[in-house]
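Report on the structure
Below, each chain spelled out in residue letters.
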Amino acid sequence: MRFDTVIIGGGLAGLTAGISLQEAGRKVAIVSAGQNAMHFFSGNFEDAGPVRDRVAALFAAAGVRTNATDGLQLMAMGKFKNVSLTLEDVTVFPDEHIAEKVLLVNFAGYHDFFGTFIAETLENLGISCRIRFVRLAEMESLRTSPSEMRSVNIARMMDEYWEKVVTDIRVLHKDEDLILLPQVFGLKDAAVLDKIRKALPARVAFVGTMPPSVPGIRTQMLLKHRFEVLGGTFLMGDEVTSAALHEGIISSITTRNLDTVRLFADHFIIATGGFFSKGLVSTPTQVYEPLIGLDMDYSEDRNAWYNEEFFESQPYMNFGVKTDAELHPFKDGEPIRNMYAIGSILGNTRKEDFGTAAGLAIRTAFAAADAIKGGNV
Amino acid sequence: MKPQEHTASAHNFEECMKCTICTAYCPVVPVNPRYPGPKQAGPDGERLRLKDPYFFNQALKYCLNCKRCEVVCPSGVNVADIIQSARIKYGKEQPKLRDWMLANTDFMGHLARPFAPIVNGVTGLGVTKTVLDATLAIDKHRTFPKYSYKSFEGWLKRRSKEQAKFEKQVAYYHGCYVNYNNPQLGRDFVKVMNALGYGVQLLDHEKCCGVALIANGMSQKATKNAVHNVKALQKAVDAGLKVLTTSSTCTMTIREEYPGLLQVDNSGVRDSILLATRFIWQLLESGQAQLKFKKDYHARIAYHIPCHLEKLGWGIFSTELLKMIPGVEFTLLDSNCCGISGTYGFKKENYEASQAIGKPLFDQIKSVNPDFVACDCETCKWQLEMSTDYAVKHPITILAEALEY
Ligand SMILES: Cc1cc2nc3c(=O)[nH]c(=O)nc-3n(C[C@H](O)[C@H](O)[C@H](O)COP(=O)(O)OP(=O)(O)OC[C@H]3O[C@@H](n4cnc5c(N)ncnc54)[C@H](O)[C@@H]3O)c2cc1C
Ligand code: SF4
Ligand code: SF4
Ligand code: SF4
């Protein structure tokens, strides 16, 4: 089967590149072994500042609304973080003094939302914070099995029953000027967020929960849908198993499901993610890229891989595949001239040029798509 | 201490990192509160069951075996296989008469076929449905698949001489559905293969693939069928034939479930069992054969990918073939289970869940408003035709209808 570009990995990086190329009329296939880091997304596109207007436009066309404002996000564990581009779910505050009085509402029995940590942070800032719980009869069924009280399941119910929660919160509300809620609303459609904001008597802010991330899953689904509507081919649950590399050019790849039917393309993008998605693998003796065996930028001294202080920045986070200025990866010292490595597979190796985290994924995706559109193999 | 280099565990269950992504995509979880969800029923429960079979939970029977959890798992855990294996290993519930009837698709087909006009008439009657509902707990909202008066096997046997004249040959594993309920699909398949220059032959007696037997707790009988089928397939493969199929579920069962769940070695035949859509696409793509289509063919088609085809990863062949037909306006429906999953949706206790699972799909079909829906799965067809106002056609049937002669 023949495509203009084949992208290996359908996370944020692969999808952003895929949509950008499909928008330009290219024929693209994305092969993705499973779901990805978006399912853990906090809602903040770290380091995306330099491309925020461009990415906001690409997302808007997919139905993903963003907030391109500099400010602070209140995180799940009660810390503040500087942001410049977030999903619309995130309320961006100008400074830490987010309110005079806060009402924090959680669902009874939901343990993936840490109200007490948040309350502690706020009280240290001199903001009073009252924690209250709501309990809906409709949610009793979730209690019967331990894996049910999770963000996604609550969100599914909330798409239907959000008005009942609003009614309960109105009863709980006294004179607080800010109401904090867990990010468990708007799994299919973010419109419910605005409805809740309008229906409550104070400002409303949604705060992240433990995974899975409701805004992240919604975003992933919308981006995949957009890619397919543009005519892209998404092979979900398939895994690329080998690449035919000859004299610095890849001509085709194979996948587990398509076995003898090879995918041919002029360009290839490898966006298989970091350790989490198995784009990078570590064993007790080495760190490597498992698909092609790309050259790595990492320390061979195992003692230099990690910092004993768990919460300090960990050196292994910097490990990634080695690339040239155009993001071509290397195999045995030679660049692969029609392949681009983007997203978490780079670790922090290109931090200076492209930043880290989601910003890295988006910025390298644009760089690769632009190079391909420019036609330089 | 020597650190563990590689983990190896049955169905990869040790690879689970507890991310709950599978639970987020399982179609049963949102509609059936009694189902613990893939993570809990699969890798988490497996740890407990390995300690003590006491922890086996009967609620595992609510799993559709749709494999969606496996498709989305980022760690390559074969979640559905863990669940189905546990049912085989620990499940003690004796199948009820109802489950036995639903599971024995070939036996029921044999029984019903000679009386097809009567059976169809009777199973269609409100009274009969109410009786089935009350006595067998088969939901009365269900329309039974129609049984055909003449089997496909008989039809093809009568044409074996004519088919043998083609220089190039393929074997056809037709499955129960084509044989008893929809022989027209088999005839369409033969028409398309003949147009491509291939004659079609039957296997030396195929049996039901066994998917419904597995789902209804009759794995021993399923294993017997599997052993028989692998032998029959091997005979065809040894004669140098590819074995083509038109059912995505039969194909997935023979290729994946025989070794994965039933421990029946299929390595000698696995690579030769192909969905017809894949085989045909390859013929056309490589220029080894051509098809001539009607000049005035026109159809607005919405394609639904069946779960088991998504698991196989071969939906792309169906969609590429449909897009190849001149005059087709193609829409890809979002990946969503239709809810019936073989015999699951026929059971009274599952009816509501089954309809709720399929609802987003039914709604999308209505909003797209195509001329008809395309889908490779027989049970999807029942479900979608019952739950929407649209006809559902197999891609092979669509090809046959669009052919010039
Ligand atoms: C748990 C977690 C939470 C994070 N949260 C944030 C956040 O809140 N904000 C932020 O800015 N950044 C966050 N990050 C950083 C994150 O890595 C990036 O934001 C970004 O989502 C990474 O995208 P990616 O496409 O490079 O990789 P991934 O999202 O990891 O996607 C890689 C994909 O490739 C697939 N794949 C791997 N190998 C193969 C193969 N051989 N064949 C086919 N497919 C393959 C994988 O299955 C996966 O779907 C987080 C990272 C993790 C791990
Ligand atoms: S998706 Fe895979 S890794 Fe995640 S919880 Fe389910 S089985 Fe475990
Ligand atoms: S096979 Fe389908 S129904 Fe069963 S656990 Fe997996 S996703 Fe859920
Ligand atoms: S019948 Fe419905 S349940 Fe089966 S595979 Fe088709 S989509 Fe899924």
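A quick note: this is a predicted structure, and the numbers were derived from the prediction, not measured. Here the residue numbering is sequential within each chain, running from 1 through the sequence in written order. Written order determines the labels here, with chains lettered from A and ligands numbered from 1. pLDDT decides what is reported in this predicted model: residues at 70 or higher carry local features, side-chain atom pairs at 80 or more are listed and counted, and totals for whole chains, interfaces and linings draw on all residues regardless. Computation of side-chain values: all heavy atoms of the structure, hydrogens and water removed.

Some points on the overall build of chain A
Where we set the bar: Helix and strand definitions here come from DSSP, where helices need a minimum of 4 consecutive H or I residues and strands a minimum of 2 consecutive E residues; each element is numbered from the N-terminal end. Computation of the radius of gyration draws on C-alpha atoms alone. For the globule rule, the value is 2.2 Å times the number of residues to the power 0.38. Three exposure classes are used, based on accessible area relative to the maximum for each residue type with a 1.4 Å probe and protein chains only: buried under 20%, partly exposed in between, and exposed over 50%. Between two residues, a contact is recorded if the distance between any of their heavy atoms is within 4.5 Å. Per-residue and other accessible areas follow the Shrake-Rupley method at a 1.4 Å probe size, with only the shown protein chains counted as cover for residues. For this count, His and the chain ends are skipped, Lys and Arg are scored as positive, and Asp and Glu as negative. Positions of charges follow a simple convention, taking NZ of Lys, CZ of Arg, CG of Asp or CD of Glu.
For chain A, the helix and strand inventory stands at eight helices and 21 strands. In terms of overall size, chain A behaves like a compact globule, its C-alpha atoms giving a radius of gyration of 22 Å where 377 residues would be expected to give roughly 21 Å. Dimensions along the principal axes, computed over C-alpha positions, put chain A at roughly 70 × 45 × 40 Å. Sorting the 377 residues of chain A into buried and exposed places 57% on the buried side. Taking contacts inside chain A between residues at least 6 apart in sequence as the whole, the part at least 24 apart equals 67%. A total of about 15,300 Å² of accessible surface is found on chain A, and carbon and sulfur atoms cover 51% of it. Of note, chain A has its 37 positive side-chain charges centred 6 Å away from the centre of its 47 negative side-chain charges.

A few points about the overall build of chain B
Each helix and strand in chain B was counted, giving 21 helices and eight strands. Counting the 405 residues in chain B, one finds 60% classified as buried. Working note: accessible area of chain B is about 17,000 Å², and carbon and sulfur atoms make up 54% of it.

A word on the nonpolar core
Put simply, the test is: Residues grouped as a nonpolar core are buried Ala, Val, Leu, Ile, Met, Phe, Trp, Tyr and Cys residues, joined through side-chain atoms within 4.5 Å.
Among the nonpolar cores identified, the biggest contains 132 residues, and F45(A), I269(A), M193(B), L196(B) and I280(B) are the most heavily contacted of them. The dominant element in this core, judged by the number of residues it contributes, is helix α8 (residues 357-374) of chain A, at 10 residues. Not counting residues up to four positions away in its chain, the partners in contact with L196(B) are I280(B), L283(B), L284(B), A289(B), Q290(B) and L291(B). F80(A), C129(A), L136(A) and L181(A) belong to the second largest nonpolar core, which has 46 residues in total.

Observations regarding the domain arrangement of chain B
All names here are of chain B. As a reminder of what qualifies: The source of the domain bounds is an automatic or database domain assignment. Summed over both partners, the accessible area lost on bringing two parts together, with a 1.4 Å probe, is the buried area. What makes a salt bridge here is a side-chain nitrogen of Lys or Arg within 4 Å of a carboxyl oxygen of Asp or Glu, nothing more. Within 3.5 Å is the distance limit for a polar contact, defined as a pair of N or O atoms, with the added protein rule that one can donate a hydrogen and the other accept it, and that residues adjacent in sequence qualify only through two side-chain atoms.
Assigned domains of chain B: these are domain 1 (10-90) and domain 2 (288-402). Measuring from the centre of the C-alpha atoms in domain 1 to the corresponding centre in domain 2 gives 27 Å. Here domain 1 meets domain 2 over a buried area of about 1,200 Å², counting both sides, of which 60% is carbon and sulfur. Contact with domain 2 buries area across many residues of domain 1, yet V31, L64 and R68 alone supply 47% of it, more than any other trio. Linking domain 1 with domain 2 are two salt bridges, by the criterion used here. Between K311 and E70 there is a salt bridge, with the nearest N and O atoms lying 2.8 Å from each other. At the surface where domain 1 touches domain 2, the tally comes to three residue pairs in polar contact (both at pLDDT 80 or more).

A closer look at the pairing of strand β1 (residues 168-173) of chain B
Residues and elements named next belong to chain B. The condition is simple: Any two strands with at least two DSSP-identified bridges between them are counted as paired.
By the criterion of burial, β1 is predominantly enclosed, with five of the six residues buried. For β1 and strand β3 (residues 243-245), the ladder comprises three bridges, and the chain directions are parallel. Within β3, the position partnered with Y172 by the bridge is L244.

Comments concerning the site of ligand 2
Selection criterion: Near, as used in this document, describes a residue that has one of its heavy atoms within 4 Å of the molecule or strand being considered. Each residue is assigned to one class: nonpolar for Ala, Val, Leu, Ile, Met, Phe, Trp, Tyr, Cys and Pro, charged for Asp, Glu, Lys and Arg, and polar for all the others, Gly among them.
Lining the immediate environment of ligand 2, one finds 13 residues, of which C16(B), C19(B), T20(B), C22(B) and C73(B) sit closest. When the residues that make up the shell around ligand 2 are grouped by side-chain class, the tally is nine nonpolar, two polar and two charged.

Observations regarding the side chain of T16(A)
Position of T16(A) relative to the elements: it lies in helix α1 (residues 12-23). There is a polar contact of 2.6 Å between the side chain of T16(A) and the backbone oxygen of L12(A).

What to know about the sheet that holds strand β9 (residues 178-182) of chain A
Residues and elements named next belong to chain A. Under the convention used in this document: In this analysis, axes come from line fits to C-alpha atoms, helices being fitted only over the stretch in contact, and the angle between any two N-to-C directions falls in the range 0 to 180 degrees.
Taken in spatial order, the four strands of this open sheet run β8-β7-β9-β10, and their pairing is parallel. Pairing within the sheet leaves two strands with one partner each, and these edge strands are β8 (128-134) and β10 (203-207). Across the sheet, the mean angle separating the axes of adjacent strands is 25° when strand polarity is ignored. Against the sheet, helix α3 (residues 115-124) touches β7 (101-107), β8, β9 and β10, its axis set at about 160° to β8. Sheet contacts for helix α5 (residues 191-199): β9 and β10; angle to β10, the most-contacted strand, approximately 140°.

Remarks on the interface of chain A and chain B
If you look at the interface, chain A gives 36 residues, while chain B gives 38 residues. Across the interface of chain A and chain B, roughly 3,000 Å² is buried in total on both sides, 55% from carbon and sulfur atoms. The largest contributions to the chain A side of the interface with chain B come from M1(A), Q35(A) and R156(A), which together make up 18% of the buried area. For the interface between chain A and chain B, the tally reads three salt bridges. Taking the shortest distance from any N to any O, the salt bridge between R278(B) and D259(A) comes out at 2.8 Å. Here chain A and chain B share 11 residue pairs in polar contact (both at pLDDT 80 or more) between them. Every element with two or more residues in the side of chain A that touches chain B is listed here: α4 (151-172), α6 (214-229) and β11 (233-236) of chain A. With four residues, α6(A) is the largest single contributor of residues to the side of chain A that touches chain B. Split by residue class, the side of chain A that touches chain B holds 15 nonpolar, 15 polar and six charged.

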